[in-house]
Amino acid sequence: MANLGEISVSAALNLLSAFAFLVAFAILRLQPINDRVYFPKWYRRGIRNSPRRSGVCVTRFVNLDWRTYIKFLNWMPAAFRMPELELIDHAGLDSVVYIRIYLLGLKVIGPLAVLAFLVLVPVNWKGETLEGVKNLAYNDIDKLSISNVPDGSKRFWVHIVMSYVFALWTFYVLYVEYKEVAAMRLRYLASENRRPDQFTVLVRNVPPDPDETVSEHIEHFFRVNHPDSYLTHQVVYNANKLAKLVQKKKSLQNWYTYYFNKYERTSKRPITRTGFGGVVGTKVDAIDYYSSEIQKLSEAEALEREKVLSDPKAIVRAAFVSFKSRWAAAVCAQTQLSHNPTIWLTEWAPEPRDVYWRNLAIPYFDLTIRRKSVRSFIQGFLPGIVLKIFLILLPTILMMMSKVEGFSSCSSLDRRSAGKYHLFLLINVFLGSIITGTAFQQLKTFLHQPLTEIPKTVGESIPMKATFFITYIMVDGWAGIAAEILRLVPLVIFHLKNMFLVKTEQDREEAMDPGCLNFATYEPKIQLYFLLGLVYSAVTPVLLPFVIIFFAFSYVVFRHQVINVYAQRYESGGSFWPDVHRRLLIGLLISQLLLMGLLSTKSVEKSTIALLPLPILTIWFHVYCKGRFQSAFVRFSLQDAMTKDTLERATEPNLNLRAYLKDAYVHPVFKGRIHFESPLLVPDEENNTLVLTRRSS
């Protein structure tokens, strides 16, 4: 076990390493050759130009202005200059709400650390119990923990009282934050510009009809049941195979552009090979070869497109249905359309960028079967293989499993994958370390103890694992955030692509792709640090400063990244916040249950009875917050919808909403190629009370 001096040395080395990473980042970001890696967001918006386009040869790659190096850390204050409202416009509400999670960590853990060091550390230090226990491995940090208080001591009531103080403070901060985020979401939705998803709902499990096509059946149903508000609809096609052909053709066109540009520069016909990557196979004229391959793919694409459009089996029993007002869309999305609750199922349509088109082709009936299958896989097979795979690959595997479950939006996939990853970290990293770590270190003690003493030893393992988690925070947390800001891997990949793979401007854009905030991976890790802070606040408070440094460091770094690097893949309006809130309360509940278990091994009379109200209060607080705020994240009030509709009719009386929505939810492979319009069964007249149909009934 590491002692306090060793931990201090390790902390100093890790802080110096993190500072070295920051210095490296500050220097690398000043070099013109790296400008596209560290400021890709501004390039994509057309605001920033490459500094390599002018000047002498050396200055195109290296910054020779020594004055810029004096203020090499000015990126830190710059990250705070953009106000939150401006940051929402710049990066979206999702990014701002995500950054607030780190700020929430400082608000929760900071005061807990102050109280713990002022009250609990002196109580623990004066216990002087560990020195009198034989055959027990401990270190200086353990002397500052609850383990140093003698069994049956009345000092444990200080820990019990402080656990209530910690819980009440956490409740207060979480309540205020939930209220603020909910208000931010409502303001964002109320002030946001017109978007297609405000007028559109996703309808699934459309029942079959023998006399009408899916499109006709949908139009008939909504013209009858929403006669004054229905506008148009777009049926969902299973175009997954067509999408693969389009993507392959795009790649071939890029190669054709590369070789054609090369021919124009050199006036010499380029040669390539027909095999993999153009390095194996028969030598052919590159321009003729790719032109021929593109022609073949174009023909195959046209045939597949015709097949998709003409084959009734290619139409999924789902559609994006748009209405003439936000109010009507809100009514449809939040009510039951049929007496049969299993058909005509509606939900708010995701933002067009947020749609995960591959999963829309899955029949609705299959979704329940798939989610049961994935749950069985996780419970029955995954625990046996997690020890055989790298932790870095696990988020990708969990995302693939979430895609199998059939969620229809990218934001839903991220939230579902984050839930799985959080469960993995909770069980395997946190609980697994507590249960197994001390067991290996004190195996000899376990073998010689009676069964009645084993729970006591396991209880002692909670505070004594503090040194392990301190090291974990420094290595995984501090080093991870330093690597995040340095972007060393993207930097290397960008330059390698520029040297070997970039052939056209399209390749350059793809090489410069900054990616986006990986919520499915980052948020569960934040929850782990929250859990460590909550668990050890009343047990081993010395761990808390390491958690605080992580949150402070992360807040600055990710604010910088959101402003300058990451692009928005979608915008959900902070809809993930209820999941964040729930997982934080799960961590608080676990900390309370572990403290109850620990004190039960310390011969503290009535400790269980004294602490029992805490988990009950936590569950009640969760239920209260869910009832108070969660509706803002799953529903849109009819009052707000009517207000926006009225304002829009007053400011834009000539708005052609049908033209605005006509291509919003067309599959990307069809956009710009064919115009979709739902067949009008009757003239589109406002006062027409009859709806023609081909149904024989």
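The shown structure was predicted, so the numbers you read here are calculated from the model rather than taken from an experiment.

## Points about the overall build of the protein chain
Moving on, step 1. The number of helices and strands found in the protein chain is 31 helices and 6 strands.
Moving on, step 2. Burial status across the protein chain gives 49% buried among its 697 residues.
Moving on, step 3. Across the protein chain, the fraction of contacts at a sequence separation of at least 24, relative to all contacts at a separation of at least 6, is 80%.
Moving on, step 4. Per element, the accessible surface of the protein chain, about 34200 Å² overall, is 61% carbon and sulfur.

## Focus on the side chain of Thr 346
Moving on, step 1. With respect to the helices and strands, Thr 346 occurs in strand S6 (residues 345–348).
Moving on, step 2. Within the structure, the side chain of Thr 346 is placed 2.9 Å from the backbone oxygen of Cys 332, a separation counted as a polar contact.
Moving on, step 3. Apart from the residues lying within four places of it in its own chain, the contact partners of Thr 346 are Leu 202, Val 203, Cys 332, Ala 333, Thr 335 and Leu 337.

## Here's the deal with unusual backbone geometry
Moving on, step 1. Backbone geometry places Asn 205, a non-glycine residue, at a positive phi of 60°.
Moving on, step 2. As for its position among the elements, Asn 205 is in the loop between strand S1 (200–204) and helix H10 (214–225).
Moving on, step 3. Residues other than glycine seldom take positive phi values, yet Trp 344 does so here, at roughly 50°.
Moving on, step 4. Along the chain, Trp 344 falls in the loop between helix H13 (326–333) and S6.

## Let's talk about the pattern of salt bridges
Moving on, step 1. Summed over the entire model, instances satisfying the criterion amount to 21 salt bridges.
Moving on, step 2. The partner of Glu 177 in a salt bridge is Lys 107, with the nearest N and O atoms 3.4 Å apart. Taken as a pair, Glu 177 in helix H9 (residues 156–191) and Lys 107 in helix H7 (residues 93–125) lie far apart in primary sequence, 70 residues in all.
Moving on, step 3. Under the relative-accessibility criterion, Glu 177 is labelled buried at 3%.
Moving on, step 4. Judged by relative accessible area, which is 33%, Lys 107 ranks as partly exposed.
Moving on, step 5. In this structure, Arg 583 and Glu 523 form a salt bridge, with 3.0 Å as the shortest nitrogen-oxygen distance. Taken together, the positions of Arg 583 in helix H26 (residues 577–600) and Glu 523 in helix H24 (residues 519–536) put the pair 60 residues apart, joining distant regions of the chain.
Moving on, step 6. Judged by its relative accessible area of 5%, Arg 583 is buried.
Moving on, step 7. Connected through salt bridges with shared partners, the residues Arg 194, Arg 326, Asp 645, Glu 648 and Glu 652 form a single ionic network.

## Side note on the packing of H13 against helix H30 (residues 638–651)
Moving on, step 1. Look at H13 against H30: their axes get within 7 Å of each other, and the N-to-C directions meet at 155°. With respect to each other, H13 and H30 are oriented roughly antiparallel. In this structure, H13 contributes Arg 326, Trp 327, Ala 330 and Val 331 to the contact, and H30 contributes Leu 638, Ala 641, Met 642, Lys 644, Asp 645 and Glu 648.
Moving on, step 2. Split into classes, the residues belonging to the contact of H13 with H30 amount to 6 nonpolar, no polar and 4 charged.

## Here's the deal with the nonpolar core
Moving on, step 1. Judged by nonpolar contacts, the single largest core of 125 residues is most densely connected at Tyr 98, Phe 430, Ile 473, Tyr 536, Phe 551 and Trp 577.
Moving on, step 2. With 15 residues, H7 is the single largest residue contributor to this core.

## Here we look at the pairing of strand S5 (residues 315–323)
Each regular strand carries side chains that alternate between the two faces of the sheet.
Moving on, step 1. Across the 9 residues of S5, 7 count as buried, placing the element largely inside the fold.
Moving on, step 2. With 5 bridges joining them, S1 and S5 adopt antiparallel strand pairing. Paired with Val 203 across the strands is Ala 319, a residue of S5.

## Digging into the sheet that holds S1
Moving on, step 1. The strand order across the open sheet formed by 4 strands is S2-S5-S1-S6, and the pairing between neighbours is antiparallel. In this open sheet, the two strands that pair with only one neighbour each are strand S2 (230–237) and S6. Pairwise comparison of adjacent strand axes, ignoring direction, gives a mean angle of 30° for this sheet.
Moving on, step 2. The sheet strands contacting H13 are S1, S5 and S6, and the helix crosses S6 at an angle near 130°.

## What about a nonpolar patch on the surface?
Moving on, step 1. Among the surface-exposed residues, Val 9, Leu 13 and Leu 16 lie close enough to one another that they form a single nonpolar patch of about 300 Å² accessible area.
Moving on, step 2. Looking at the secondary structure, you find Val 9 in helix H1 (residues 4–28).
Moving on, step 3. Judged by its relative accessible area of 48%, Val 9 falls in the partly exposed class.

## Some points on the confidence of the model for the protein chain
Moving on, step 1. For the protein chain, the mean per-residue pLDDT works out to 80, and 81% of the residues sit at or above 70.
Moving on, step 2. In this model, residues 438–458 is a region of pLDDT below 50 whose contacts with residues beyond four sequence positions or in other chains number 18 contacts.
Moving on, step 3. Scored below 50 in pLDDT, residues 674–687 makes 32 contacts in the model with residues more than four places away or belonging to other chains.

## Regarding the environment of Pro 668
Moving on, step 1. Considering the arrangement of structural elements, one finds Pro 668 in the segment after helix H31 (657–661).
Moving on, step 2. Placed 425 residues apart in sequence, Pro 668 and Ala 243 show a C-alpha to C-alpha distance of 8.2 Å.

## Overview of the packing of aromatic side chains
Moving on, step 1. In total, this model carries 37 aromatic pairs according to the counting rule given.
Moving on, step 2. With 3.8 Å between their ring centres and 10° between their planes, Phe 221 and Trp 344 make a pair best called stacked. Highlighted residues: Phe 221 in helix H10 and Trp 344 in the loop between H13 and S6, separated in sequence by 123 residues. By the burial criterion, Phe 221 is buried, and Trp 344 matches it.

## Structural notes on H10
Moving on, step 1. Given a rise of 1.5 Å per residue, 12 residues ought to cover 16 Å, and the 16 Å separating the end C-alpha atoms of H10 matches this to within 8%.
Moving on, step 2. Of all 12 residues in H10, 10 are buried, a share of seventy percent or more.
Moving on, step 3. Along H10, the positions that sit buried rather than exposed are Val 214, Ser 215, Glu 216, His 217, Ile 218, Glu 219, His 220, Phe 221, Phe 222 and Arg 223.
Moving on, step 4. Tucked into the core, H10 has its buried residues touching S1, S2, S5 and H13.

## Quick notes on the environment of His 560
Moving on, step 1. Relative to the elements of secondary structure, His 560 occurs in helix H25 (residues 544–564).
Moving on, step 2. Looking at His 560, the relative accessible area reads 3%, which means it is buried.
Moving on, step 3. Taking the C-alpha atoms as reference, His 560 lies 7.6 Å from Trp 75; in sequence the two are 485 residues apart.
Moving on, step 4. Setting aside chain neighbours within four positions, we find His 560 in contact with Phe 25, Arg 29, Trp 75, Ala 79, Ile 485 and Val 565.

Reading the values: the criteria
- Residues numbered from 1 in each chain as written.
- Predicted model: local features only at pLDDT ≥ 70, side-chain atom pairs only at ≥ 80, totals over all residues.
- Heavy atoms only, no water.
- Helix = DSSP H or I, 4+ residues; strand = E, 2+ residues; numbered from the N terminus.
- Buried < 20%, exposed > 50% of the residue type's maximum accessible area, 1.4 Å probe, protein only.
- Contact = heavy atoms within 4.5 Å.
- Areas by Shrake-Rupley, 256 points an atom, 1.4 Å probe, with all protein chains shown as cover.
- Polar contact = N/O pair within 3.5 Å; in protein donor to acceptor, adjacent residues only side chain to side chain.
- Salt bridge = Lys/Arg side-chain N within 4 Å of Asp/Glu carboxyl O.
- Axes fitted to C-alpha atoms, helices over the stretch in contact; angles between N-to-C directions.
- Parallel < 35°, antiparallel > 145°, perpendicular 65-115°, else oblique.
- Nonpolar A, V, L, I, M, F, W, Y, C, P; charged D, E, K, R; others polar.
- Core = buried A, V, L, I, M, F, W, Y, C linked by side-chain atoms within 4.5 Å.
- Pairing = 2+ DSSP bridges.
- Patch = residues over 30% accessible without salt bridge, like charges linked within 9 Å, V, L, I, M, F, W, Y side chains within 5 Å.
- pLDDT = per-residue confidence, 0-100.
- Phe/Tyr/Trp six-rings, centres within 6.5 Å; stacked < 30°, edge-to-face > 60°.
- Expected span 1.5 Å × (residues − 1).

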